Amino acid sequence: AAMPHVSRGERRFIEEGVRQNVRYDGRAVLDLRHLIVQNGVIEFCNGSTLVERVHTSAKVLVGVKVEAVDLRDESEGSELFDVTIDCTSVEAGEEDPSQRRFRDFSRRLEALVEEQLREAVGDGSILHVVPNRFAWSLAVDVIVLGTDGNMSDLVSLAVFGALADTVLPKSEQIETEDGPDFTIDTEVSTAQALPAALFDRLPIRVSLFKLCDTMVADACEKEEECATACLSALVNRNGELCSTHIDKGGAVPLTSLHGHLSNVCQIASELFKLLSSEFSAANSAR
Amino acid sequence: REVALRTDELHDRAIVRCEVSQAPFSTTERRRRRAGDKRATAISNFVEETFSHVIQTSLFARSQIDITIHVLQADGSVLPACICATSLALTHAGIPMVDFVTCCSIGYHDGNVLLDLTYQEERDGGPAVSLTLMPRTSQVLTLKMESSAVRVNSSLLDKLMKEAQVGCHQINKILSGKVREFAAAALSLRDQEDEQQA
């Protein structure tokens, strides 16, 4: 959908509603919209997830492909992941194609997803197959099929889901004349998930949007348009804050910052519960 | 919707715009595709041209019809899949068309005619024909042929086109069946709502 135009009357309606704890779509200020998570939707990928928000047009598809790389061929400082964001279907709805505001949107999303993966991958040792010689490289491709506000959070959830769905071929380290090497078992039945330690470190993003003096969670498109500031944080499943941002040129009072970050951690823990129940149901079905 | 750029607007009909994007994970080997990828541009031009003739654009003067195609998994015959998917999407959107459009790919290898080519079969070097057909009137909208290794004579082309038409009619049967199923479900839902209101 194109960026919404919010009239003065609508803006007033949204702000007055938030003051009375009743939002544009009837939710309370910290309520989230319902999510549907589907795994394994793309057969060609090592892992994939489709996440959509119920009764909205927001839908994100993430595919993860894994490749073994020789670390000697990689330049110093290069990362063991590559992220692409495709917003073609939402760009097509943009009224003025020459402006293409969604190109900036996709660049911003790319930076946010890279930040999320950097927290998980760290120095890359977690993905090493043969220490300091061969490693798995993650290619994360995100397709934004529809938007309805708060897309950075939805994308981070979808990325988490796709990585949780990812399976790697079973590898075994061997010694050869040229030094340490590894073999791969191509049997699908022996495939294994990404290291559990990666998921302890992999955070999800939760954003709160400032409307009047109230912070609302999971803002829809019109609320996001009216918001004067956005506080977003990366939280891992241990409840630890990995990073925070304040965007949209606004400010958040210092005295209330601790309370807002506690709310962010609370919301993140609810989302992790949802994700773990979805994935344990999917794994038992497999 | 309204035409984005006034200079593109036509006073007596709608313009059809198509954007095609192929996901990097769509093929077995991941390939990062840039904006303006030649193959995607060729497919989008093909779809635009095909549907500009089929959609009753005179009913939507000064408007724009946007078609967006995401290729999520590809294993050959991408263009026919795009055409068939667009037909279904336009039907679902209620855009009036002259006829349903189906497209089928056909090839020839070692004396055998192959219908609905895979990626490997397309790369084989033999002729690969994509035929777009309006099944009700059996009129051919477009015919695209590529052949690097084998030269095609007129009798072989006739044979390929006949088989491609059979393929298009088979696809039409499947797609029309789906449209009828969807319409039946929508009508029964509407009838249930009417009964509840009554």
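What counts as what
Residues numbered from 1 in each chain as written. Chains lettered and ligands numbered in written order. Predicted model: local features only at pLDDT ≥ 70, side-chain atom pairs only at ≥ 80, totals over all residues. Heavy atoms only, no water. Helix = DSSP H or I, 4+ residues; strand = E, 2+ residues; numbered from the N terminus. Buried < 20%, exposed > 50% of the residue type's maximum accessible area, 1.4 Å probe, protein only. Contact = heavy atoms within 4.5 Å. Polar contact = N/O pair within 3.5 Å; in protein donor to acceptor, adjacent residues only side chain to side chain. Core = buried A, V, L, I, M, F, W, Y, C linked by side-chain atoms within 4.5 Å. Pairing = 2+ DSSP bridges. Axes fitted to C-alpha atoms, helices over the stretch in contact; angles between N-to-C directions. Parallel < 35°, antiparallel > 145°, perpendicular 65-115°, else oblique. Left-handed = near helix turned anticlockwise from the far one by under 90°. Nonpolar A, V, L, I, M, F, W, Y, C, P; charged D, E, K, R; others polar. Buried area = accessible area lost by both parts, 1.4 Å probe. Salt bridge = Lys/Arg side-chain N within 4 Å of Asp/Glu carboxyl O. pLDDT = per-residue confidence, 0-100.

*Asks:* Kindly report on the overall build of chain B, identifying the contributing residues and their values.
*Replies:* Per the secondary structure count, chain B includes four helices and six strands. Secondary structure elements of chain B occur, N-terminal to C-terminal, as β-α-β-α-β-β-α-β-β-α. Its C-alpha atoms give chain B principal-axis dimensions of about 65 × 40 × 35 Å. A burial count over chain B gives 37% of its 198 residues as buried.

*Asks:* Explain the side chain of Asp148 of chain A to me, using residue names and the numbers behind them.
*Replies:* Residue and element names in this part refer to chain A. If you trace the backbone, Asp148 turns up in the loop between β6 (134-146) and α4 (151-165). The exposure class assigned to Asp148 is buried, which follows from its relative accessible area of 16%. Setting aside residues no more than four positions away along its own chain, Asp148 makes contact with Arg33, Arg53, Thr56, Ser57, Ala58, Ala219, Cys220 and Glu221.

*Asks:* Describe the side chain of Thr132 of chain B, and please don't skip the residues or the numbers.
*Replies:* Residue and element names in this part refer to chain B. As for its position among the elements, Thr132 is in strand β5 (residues 128-134). Of the polar contacts made by the side chain of Thr132, one reaches the side chain of Thr142; its length is 2.7 Å. Filtering out sequence-adjacent residues up to four positions away, Thr132 remains in contact with Phe46, Thr50, Ile83, Val101, Thr102, Cys103, Gln139, Val140, Leu141 and Thr142.

*Asks:* Help me get a handle on the nonpolar core, residues and values and all.
*Replies:* What tends to happen in soluble globular proteins is that the nonpolar side chains get buried as a cluster. Formed by 65 residues in total, the largest nonpolar core has its most connected members in Val62, Leu117, Leu127, Val142, Val144, Val159 and Leu163 of chain A. Residues contacting Val62 of chain A, with those up to four places away along its chain left out, are Gly47, Ser48, Thr49, Val140, Asp141, Val142, Ala158, Val159 and Ala162 of chain A. Counting 26 residues, the second-largest nonpolar core is a separate cluster that includes Ala74, Val78, Met97 and Val101 of chain B.

*Asks:* Tell me about the pairing of β5 of chain B, residues and numbers included.
*Replies:* All names here are of chain B. A large share of β5 lies buried, amounting to seven of its seven residues. Along β5, one buried face is formed by Ala128, Ser130, Thr132 and Met134 and the opposite face, lined by Val129, Leu131 and Leu133, is buried too. With seven bridges connecting them, β5 and strand β6 (residues 139-146) associate as antiparallel partners. Within β6, the residue paired with Met134 across the bridge is Gln139. Linkage of β5 to β6, two consecutive antiparallel strands, is achieved through a turn of four residues, within which Ser138 is found at a positive phi near 50 degrees.

*Asks:* Give a description of the packing of helix α2 (residues 78-93) of chain B against helix α4 (residues 154-197) of chain B that names residues and reports values.
*Replies:* All names here are of chain B. Packing of α2 against α4 leaves a shortest axis separation of 11 Å and a crossing angle of 25 degrees. As far as their axial angle goes, α4 and α2 are roughly parallel. Of the two possible hands of crossing, α2 and α4 adopt the one that is right-handed. The segment α2 lies against α4, with Cys84, Leu88, Thr91 and His92 engaging Ile171, Leu175, Val179 and Phe182. Broken down by class, the residue content of the contact of α2 with α4 amounts to six nonpolar, two polar and no charged.

*Asks:* Lay out the sheet that holds strand β4 (residues 112-115) of chain B with the relevant residues and their values.
*Replies:* All names here are of chain B. Across the sheet, which stays open at both edges, the four strands sit in the order β4-β3-β5-β6 with antiparallel pairing between neighbours. A strand with exactly one partner marks an edge of an open sheet, and here the two such strands are β4 and β6. When strand polarity is set aside, the average angle formed by the axes of neighbouring strands in this sheet is 20 degrees. Against the sheet, helix α1 (residues 38-54) contacts β5 and β6, and its axis sits at roughly 165 degrees relative to β6.

*Asks:* Any chance you could break down the interface of chain B and chain A for me, citing the residues and the numbers?
*Replies:* Where interface size is given, it is often the accessible area lost as the parts come together that is meant. Listed as interface residues are 20 residues of chain B and, on the opposing side, 23 residues of chain A. In this assembly, chain B packs against chain A so that about 1,900 Å² is buried in total across both faces, 60% of it on carbon and sulfur atoms. The tally of links between chain B and chain A comes to two salt bridges. Taking the shortest distance from any N to any O, the salt bridge between Arg30 of chain B and Asp82 of chain A comes out at 3.0 Å. Between the two partners, chain B and chain A, sit seven residue pairs in polar contact (both at pLDDT 80 or more). Those elements that provide at least two residues to the side of chain B that touches chain A are β1 (15-22) and β2 (64-71) of chain B.

*Asks:* Describe in detail the confidence of the model for chain B, supporting the description with residues and values.
*Replies:* Overall, the prediction assigns chain B a mean pLDDT of 86, with 97% of residues at 70 or greater. Taken element by element, chain B is modelled with least confidence in β6 of chain B, mean pLDDT 83, and with most confidence in α2 of chain B, mean pLDDT 93.

*Asks:* Which residues make up the sheet that holds strand β11 (residues 204-211) of chain A, and what values do they have?
*Replies:* Residue and element names in this part refer to chain A. On the basis of which strands lie adjacent, the open sheet formed by four strands has the order β12-β11-β13-β14 and antiparallel pairing. Every interior strand has two partners, whereas the edge strands, β12 (214-217) and β14 (241-247), have only one. Sheet twist, expressed as the mean angle between neighbouring strand axes with direction ignored, is 25 degrees. In this structure, β11 lies alongside β12, joined through four bridges in antiparallel fashion. Within β12, the residue paired with Lys210 across the bridge is Met215.

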